[in-house]
Amino acid sequence: KVDPDTGTRTTVADGLPSQASPELGEAVGPADVAFIGSTLYYLQTHGGEGYGFPDNPTGIYRIDSSGNAHLVANIGAFNIANPTEAIIDGSQTDVEVGGNPYAMDVHAGNFYVTDGNHNRLLRVSTSGSITEITEFPDHPVSTGLDFGTDGFAYVSYLGQGPFFPEDGKVVKVNLSTGVITELASGQPWLTDVEFGPGGKLYATQFNNV
C-alpha cells in the first residue's frame, strides 16, 4: 500500500507466485486488487501446476491481517473445464493454461474479472462460484474493467499483434444479456478503463511509439 501524502510504501503480502519471460521481456503474477468492505482480495494470473505453482492456482485470493493469501475462487480450473468457443473450435491457437485473468472489479457484492487470453468476462461470488457473462469475439485481448452508473461493465481491448489502431477498443457489456456494444476504437495497446471526474470514461495506453 502507498500513502498518497508521503509516498511511503508498505508491503501487505509477499511471496506470491510470479513468472518472468526473459525472451519476451515480460513478467506475470499478481494482476489486480480489490476490496469488499475492509477485506483485501487479489487476482493471480499464471498460477497453478502448468506454471510451476501447484499449490497456488490462477484465481482470486483473500489477504488476511497477517498477509497470508487464501484461495477464494479457482479461475484456472474453471477455464480448463469450461473452454471458450474460440478454443473449442480451434480458431484461437495461442492458449494459455488456465487463462490470463487481467483485471478485477467489484460490483453489487460480486467480483468481475476480464481474461486477456480466454477473452471473456466472469462473475465470481465471495463463496467462489464462477459464471461466464460473455465471451469477447475474435481474440481481442480483453484488459481493463470498470462499471458505470448505468450498471454496465466497460472493458478495454489491447488488440492482437501487430496492434493496429482499429484493434484497440472500448466496449460495454450488459450483465443481464451478455450483449457487447462497441463504444470507441482507433488506439491500440489499451490496458485499462476508468470513470473519472464528471462521469467521463478514460482509457490508459502503453507502448504506442
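Thresholds, definitions, all that
- Residues numbered from 1 in each chain as written.
- Predicted model: local features only at pLDDT ≥ 70, side-chain atom pairs only at ≥ 80, totals over all residues.
- Heavy atoms only, no water.
- Salt bridge = Lys/Arg side-chain N within 4 Å of Asp/Glu carboxyl O.
- Helix = DSSP H or I, 4+ residues; strand = E, 2+ residues; numbered from the N terminus.
- Buried < 20%, exposed > 50% of the residue type's maximum accessible area, 1.4 Å probe, protein only.
- Pairing = 2+ DSSP bridges.
- Axes fitted to C-alpha atoms, helices over the stretch in contact; angles between N-to-C directions.

Engineer: Account for the pattern of salt bridges, with residues named and values stated.
Structural biologist: Within the structure shown, the criterion is met by two salt bridges. Among the salt bridges present, the one from Arg120 reaches Glu132, with a minimum N-O distance of 2.7 Å. Taken together, the positions of Arg120 in strand β9 (residues 120-124) and Glu132 in strand β10 (residues 130-135) put the pair twelve residues apart, joining distant regions of the chain. According to the relative accessible area criterion, Glu132 is partly exposed, its value standing at 30%. Where Glu182 meets Lys169, a salt bridge forms, and the shortest distance between an N and an O atom there is 3.3 Å. One end of the pair, Glu182, is in strand β14 (residues 180-185); the other, Lys169, is in strand β13 (residues 169-173), and 13 residues separate them in sequence. In this structure Lys169 comes out as partly exposed when scored by relative accessible area, which is 24%.

Engineer: Describe in detail the sheet that holds strand β5 (residues 59-63), supporting the description with residues and values.
Structural biologist: Strand order in the open sheet formed by four strands is β3-β4-β5-β6, with antiparallel pairing between adjacent strands. Looking at strand neighbours, the two that pair on one side only are β3 (30-36) and β6 (69-74), the edges of this open sheet. Adjacent strand axes in the sheet meet at a mean angle of 30°, parallel and antiparallel pairs treated alike. Sheet topology note: the β5/β6 ladder contains five bridges and is antiparallel. Among the inter-strand pairings, Tyr61 is bridged to a residue of β6, identified as Leu71.

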